[in-house]
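Examining the three-dimensional arrangement
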Amino acid sequence: MDVLRTTEAPPPVGVAAFDRRVLAVGGVVFAVLMALSTRYGFQRDELYFLDCARHLQAGYVDQPMLAPLLARVSLELFGEWLPGLRLWPALAAGATVVIGGLTAREFGGARRVQLFAAVATATMPALWAAAHVANTTPYAVLALAALAFVVARIGRTGEPRWWLLAGLVAGLGLANNHQAAFFAFAVVAGALLSGGRRLLFNGWFAGGVAIAAAFAGPEIWWQAQHGWATIEMTRKLNQENGGLPNAPVWVVGQLLMASLALVWVWAAGLRHLWRTGRPLWRALVWAYGLLFVLYAVTTGVKVYYLMGAYVYLLAAGAVAVDGWLYARRRRIRILAVATALGTAVFAALLLPVLPPTGIGPRHAMDATLTDTIGWPELVDTVGTVWTSLPPPQRAAAVIFTENYSEAAAVNELGRGRGLPTAVSGHNSQWWWGPGNPGATTVIAVAPGTASGYTGYLGRFFTDVREVATVTNPYGVRNIESGGHVYLCTGLREPWSQLWPRLRHYD
């Protein structure tokens, strides 16, 4: 088969001058995100990463160390300040836009094509939703887009020394989450299928692999010390989110990654990269296809796992459609208007531009926004229950939460209010211990989505009383609204002995 034969790399080609307007587009994205960074409040994952930042280690159950490390830097520089935490995802989003323009340049795009690719990346609805909050996704998108950019450059120049940079990018991506590894493996498989063996079997490629492995080493060591917890968690999540029934959700979700007006552009990018015949450019098509199928089956509703691929597909598409667009200027105007309208609509749905009351209770477009509401109120509710306990009972009490974000909210937003460190059996927080090992009273917190939680607690306590309900003043429906706080006494076993049974990875 011709796709399996080894071919010589095509000769290097020149590139156009870099269009500095691409930097301006990236700057606008950064500025908008920072302007909105004070809106609403901390998102649930942001609170968790702040909690992780106070327990710095080589790995965690649900991610490697980069996001908590950046959160720790924010704490050191700015304290518990929301814009300081959200500085990093805003920078990542701006850099992703610039990478989009640079990738179009590698694909042979002139200055106006680079600008088109940057604007197309800047108007990706999924990018705004991800980059508004400081979780792992903005960095994962940047890592995938940057790795594709380096691969595109190697494919253009045939120069294998760039594999060292690819290894560095992949390593940084692996320090954030594991999607970078899947993309790297898919690119290598695609290169082999496309006849790019000569570009892989050399010392430079081996050096890049070694660099990436050096970044992955500390987390692998941590996983080995903690029972390969991430594998167990991933298996559980895939059971919940993956499978063929959820595959249609994945497929439809891919149409929402870029602006709806530009779906045809990234589709044209797929075709263009394949038709070039360059092994590494074809490898990017293979990588997209292989991961599309893998994620459709395994992750399902987590539709954003391939978001970074649309950066290089939009860049390739910008090159492919440039001649057709400029053949008639009216086409450019129509596309610009359609893109602007889509941008305005999705901005209202995905960014915190409305008053908080405007996103609930019927706002179902983006749970990330709703999960930034109600945390101070939850902490106030827990604090009221805590202070209502008689001092002797309080001295032997512990605050226990169903999920990591509730514990993190108490620990971060309740700091300085006399509350003890809240504990949880959820993911990495279980490893941080039960708090007071001799506790005889437990204040338990559960979200509104935790049905049957009274019965669950009854397995460990003889007396479980609901003492408060979690609400927020905006009527926003999220997973915490309608949750409850319970006062639990009469432990069936000592608290320290119950702790191993309270762990859950999800």
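**Description of the side chain of Thr136**
Residue placement: Thr136 occurs in the loop between helix 6 (125–131) and helix 7 (137–157). In this view, Thr136 contacts Phe49, Gln63, Ala67, Asn176 and Asn177; residues no more than four positions away in its chain are not counted.

**Some thoughts on the packing of aromatic side chains**
Counting across every chain of the model gives 25 aromatic pairs. Residues Phe182 and Tyr295 carry aromatic rings whose centres are separated by 6.5 Å and whose planes lie at 75° to one another, so their mutual orientation is edge-to-face. In this pair, Phe182 sits in helix 9 (residues 179–193) while Tyr295 sits in helix 15 (residues 279–298), placing the two residues 113 residues apart along the sequence. Residue class for Tyr295 comes out buried when judged on its relative accessible area of 4%. Look at Trp266 and Tyr288: their rings are 6.1 Å apart centre to centre, the planes differ by 55°, and that puts the pair in the tilted class. Highlighted residues: Trp266 in helix 14 (residues 263–275) and Tyr288 in helix 15, separated in sequence by 22 residues. Residue Trp266 is classed as buried on the basis of its relative accessible area, which comes to 8%. Take Tyr288: its relative accessible area is 7%, and that puts it in the buried class. Connected via pairs of aromatic rings, a cluster forms that spans Phe182, Trp250, Trp266, Tyr288, Phe292, Tyr295, Tyr304, Tyr305 and Tyr310. Across from the ring centre of Tyr326, 3.6 Å away, lies the NZ or CZ of Arg112, which sits over that ring. The lysine or arginine in question, Arg153, covers the ring of Trp162, its NZ or CZ lying 4.8 Å from the ring centre.

**Quick word on the sheet that holds strand 4 (residues 461–469)**
Taken together, 5 strands build an open sheet; the order of strands is 2-1-3-5-4 and the sheet is mixed. Strands at the two margins of the open sheet, each flanked by one partner only, are strand 2 (423–424) and strand 4. Two elements, strand 1 (residues 397–401) and strand 3 (residues 441–446), share 5 bridges in a ladder whose sense is parallel. Among the inter-strand pairings, Ala397 is bridged to a residue of strand 3, identified as Thr441.

**Section: the side chain of Thr121**
By the element assignment, Thr121 lies in helix 5 (residues 111–122). Each residue touching Thr121, except ones within four places of it in the same chain, is listed here: Thr96, Val97, Gly100, Leu127, Val311 and Leu314.

**A word on the pattern of salt bridges**
If you walk through the whole model with that rule in mind, you get 17 salt bridges. For Glu159, the salt bridge is made with Arg161, and the minimal N-O distance between the two is 3.1 Å. A salt bridge links Lys236 to Glu240, with the shortest nitrogen-to-oxygen separation between them at 3.7 Å. Placement of both Lys236 and Glu240 in helix 12 (residues 229–241) is noted, with a separation of 4 residues, approximately one turn of the helix. Taken together, the shared-partner salt bridges connect Arg54, Glu80, Glu412 and Arg415 into one network.

**So, helix 8 (residues 163–174)**
With 12 residues, helix 8 extends 16 Å from end C-alpha to end C-alpha; this agrees with the ideal 16 Å at 1.5 Å per step. Turning to helix 8, its buried residues are Trp163, Ala166, Gly167, Val169, Ala170, Gly171, Gly173 and Leu174. Taken together, the buried residues of helix 8 touch helix 7, helix 9, helix 10 (197–200), helix 11 (203–225) and helix 15.

Calculation criteria
Residues numbered from 1 in each chain as written. Predicted model: local features only at pLDDT ≥ 70, side-chain atom pairs only at ≥ 80, totals over all residues. Heavy atoms only, no water. Helix = DSSP H or I, 4+ residues; strand = E, 2+ residues; numbered from the N terminus. Contact = heavy atoms within 4.5 Å. Phe/Tyr/Trp six-rings, centres within 6.5 Å; stacked < 30°, edge-to-face > 60°. Buried < 20%, exposed > 50% of the residue type's maximum accessible area, 1.4 Å probe, protein only. Lys NZ or Arg CZ within 6 Å of the ring centre and 35° of its normal. Pairing = 2+ DSSP bridges. Salt bridge = Lys/Arg side-chain N within 4 Å of Asp/Glu carboxyl O. Expected span 1.5 Å × (residues − 1).

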